[in-house]
Amino acid sequence: MKQRKERLNSLIREELAKIIIKELEFPNALVTITEVETSNDFEIAIVNFSVIPFEKSEEVLKELNAKHNYLYHLLRKKIRINMLPNIRFKIDTGIAQAAKIEKILIEEENKHK
């Protein structure tokens, strides 16, 4: 069952990324689906995404939530299984955190030169 869940996560990530690129526009922002985690009962799939620049993340989240039904409909056309999990979007802060840490390290390094 773990293998099935991993395959479904990967498939949702790939297909949803294609759909978002093709169907939605985010001016001055790069949106990337970073991870999909399906619940054990296969009812919900949490779709983590990152945005560059990070400041546009909330705006992108609002747009994705507003287009939720449309995106889900397109995803159902691509992934033909009986019970496709309901998708929920979540901002992935990992890249922003890494960038913040890198900036701090560079500033500290420059202080000591």
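Look a little higher up for the structure.
Notes on the structure in this doc start here. Since the structure is predicted, the reported quantities are computational estimates derived from the model, not experimental observations.

On to the overall build of the chain. A count of helical and extended segments in the chain gives four helices and three strands. Each helix and strand of the chain, placed in order from N terminus to C terminus, yields the pattern α-β-β-α-α-β-α. Overall, the C-alpha framework of the chain stretches about 60 × 35 × 15 Å when taken along its three principal axes. The 113 residues of the chain split such that 33% are buried. Put simply, 62% of the contacts in the chain that link residues at least 6 apart link residues at least 24 apart. If you sum the accessible surface of the chain, you get close to 8000 Å²; carbon and sulfur atoms cover 52% of it. Distance between charge centroids for the chain: 6 Å, based on 20 positive and 18 negative side chains.

Attention shifts here to the environment of Lys5. As for its position among the elements, Lys5 is in helix H1 (residues 2-23). The exposure class assigned to Lys5 is buried, which follows from its relative accessible area of 17%. Residues Lys5 and Val36 lie 31 residues apart in sequence; the distance between their C-alpha atoms is 10 Å. Those residues in contact with Lys5 that sit more than four places away from it in its chain are Glu37, Thr38, Ser39, Asn40 and Phe42.

With that settled, consider H1. The terminal C-alpha atoms of H1, which comprises 22 residues, lie 31 Å apart, in line with the 32 Å expected from a rise of 1.5 Å per residue. All of the buried residues in H1 are Lys5, Leu8, Asn9, Ile12, Glu15, Leu16, Ile19 and Ile20. Buried residues of H1, viewed axially, fall in a sector of 155°; they line one side. Of the exposed residues in H1, the ones pointing more than 90 degrees away from its buried face are Gln3, Arg7, Lys18, Ile21 and Lys22. Close packing links the buried residues of H1 with strand S1 (30-38), strand S2 (44-52), helix H2 (57-66), helix H3 (68-78) and strand S3 (86-91).

Definitions and cut-offs
- Residues numbered from 1 in each chain as written.
- Predicted model: local features only at pLDDT ≥ 70, side-chain atom pairs only at ≥ 80, totals over all residues.
- Heavy atoms only, no water.
- Helix = DSSP H or I, 4+ residues; strand = E, 2+ residues; numbered from the N terminus.
- Buried < 20%, exposed > 50% of the residue type's maximum accessible area, 1.4 Å probe, protein only.
- Contact = heavy atoms within 4.5 Å.
- Areas by Shrake-Rupley, 256 points an atom, 1.4 Å probe, with all protein chains shown as cover.
- Lys, Arg positive; Asp, Glu negative; His and termini not counted.
- Charge placed at Lys NZ, Arg CZ, Asp CG, Glu CD.
- Expected span 1.5 Å × (residues − 1).
- Arc of directions from axis to C-beta.

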